[in-house]
Amino acid sequence: MAFEIPDGLHTDLYGLAWMIGRWEGRGKGSYPGTEDFDFGQQIDFAHNGGNYLHYLSQTFEVGEDGRAVRPLGMETGFWRPKPDGAIEVVLCQPDGYAEVWYGKITGAKIELATDAVVRTATADEYTAGQRLYGNVEGDLLWTFDKAAGGHDLQNHLWARLRRA
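Bear in mind the structure is a predicted one, so any value in this text is a computation, not a measurement.

1. Quick notes on the side chain of Thr-114
1) Next: Mapped onto the elements, Thr-114 comes out in strand E7 (residues 109-119).
2) Next: Residue classification places Thr-114 among the buried positions, given a relative accessible area of 18%.
3) Next: In terms of polar contacts, Thr-114 uses its side chain to reach the backbone amide nitrogen of Gly-129, at 3.0 Å.

2. Brief notes about the pattern of salt bridges
1) Next: One pass over the full model with this rule turns up 11 salt bridges.
2) Next: Across the salt bridge formed by Arg-70 and Glu-61, the nearest N and O atoms sit 2.7 Å from each other.
3) Next: A salt bridge links Glu-111 to Lys-109, with the nearest nitrogen and oxygen atoms 3.8 Å apart.
4) Next: Via salt bridges that share partners, Glu-137, Asp-139, Arg-160 and Arg-162 belong to a single interconnected network.

3. Some points on the nonpolar core
1) Next: Of all hydrophobic cores here, the largest spans 33 residues; its most connected members are Met-19, Phe-45, Trp-79, Ile-110, Tyr-133, Leu-140 and Trp-142.
2) Next: Among the elements of the structure, strand E2 (37-46), strand E3 (53-62), strand E5 (86-93), strand E6 (97-106), E7, strand E8 (126-136), strand E9 (139-148) and strand E10 (154-163) are those that each provide at least two residues to this core.
3) Next: Broken down by element, this core gets its largest block of residues, four residues, from E9.
4) Next: Once you skip the residues sitting within four places of it in the chain, Met-19 turns out to touch Phe-45, Trp-79, Ile-110, Tyr-133 and Leu-140.

4. With respect to the pairing of E8
1) Next: By the bridge criterion, five bridges tie E7 to E8 in an arrangement that is antiparallel. Counterpart to Glu-111 in the pairing with E8 is Leu-132.
2) Next: In this antiparallel pair of consecutive strands, E7 and E8, the connection spans six residues.
3) Next: Pairing of E8 with E9 involves 10 bridges; the strand directions are antiparallel. Opposite Arg-131, over in E9, you have Phe-144 as the bridge partner.
4) Next: Linking two consecutive strands that pair antiparallel, namely E8 and E9, is a turn of two residues; a positive phi of about 55° is found at Glu-137 within it.

5. Let's talk about the sheet that holds strand E4 (residues 68-81)
Two strands in a sheet stick together by hydrogen bonds in their backbones, pointing the same way (parallel) or opposite ways (antiparallel).
1) Next: Here we have 10 strands rolled up into a closed barrel, ordered E1-E2-E3-E4-E5-E6-E7-E8-E9-E10, and antiparallel in their pairing. Adjacent strand axes in the sheet meet at a mean angle of 25° when their direction is disregarded.
2) Next: Examined bridge by bridge, E3 and E4 share 10 bridges and lie antiparallel to one another. Of the residues in E4, the one forming a bridge with Leu-56 is Thr-76.

6. Quick word on the environment of Gly-15
1) Next: The residue Gly-15 is located in the segment before strand E1 (21-29) in this model.
2) Next: Overall, Gly-15 belongs to the partly exposed group, its relative accessible area being 38%.
3) Next: C-alpha of Gly-15 to C-alpha of Pro-83: the two residues are 68 residues apart in sequence and 9.4 Å apart in space.
4) Next: Apart from residues no more than four positions distant in its own chain, Gly-15 is found in contact with Ile-105 and Gly-107.

The rules behind each value
Residues numbered from 1 in each chain as written. Predicted model: local features only at pLDDT ≥ 70, side-chain atom pairs only at ≥ 80, totals over all residues. Heavy atoms only, no water. Helix = DSSP H or I, 4+ residues; strand = E, 2+ residues; numbered from the N terminus. Buried < 20%, exposed > 50% of the residue type's maximum accessible area, 1.4 Å probe, protein only. Polar contact = N/O pair within 3.5 Å; in protein donor to acceptor, adjacent residues only side chain to side chain. Salt bridge = Lys/Arg side-chain N within 4 Å of Asp/Glu carboxyl O. Core = buried A, V, L, I, M, F, W, Y, C linked by side-chain atoms within 4.5 Å. Contact = heavy atoms within 4.5 Å. Pairing = 2+ DSSP bridges. Axes fitted to C-alpha atoms, helices over the stretch in contact; angles between N-to-C directions.

Right, here's the structure in full:
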């Protein structure tokens, strides 16, 4: 896993330095009551010298040629690692959700679970989530399990992204 620690990176972020930059790739989704689907994704992790990373994820439907056809989802937020290997993540989505996640960084693996999911009056019911991010063979792999619509926590999304 070759990467350089960027100039001005806060020391609290060294354990996440491998994530900084743009990642692009494809993923799959599945959940009870919906048809399975494929998606394209772009994730950006950036820093400004503070002790957090800014995160932006965009997913989109892809055509036969692999190009983006229409947007599917977006989320943005902040990843705040702690010196003891813990991490706090705050995310917001235009579908009407704000989430607080807590987890642990173990080498190039990050495990997260929701502490709170807040939704607007018009957002679909969603009560809990778990995520796993990891550096595998230089790629960013991630998975998202969710509990929603009266269903127990189960796998919903997963993707493999390459550094752009």
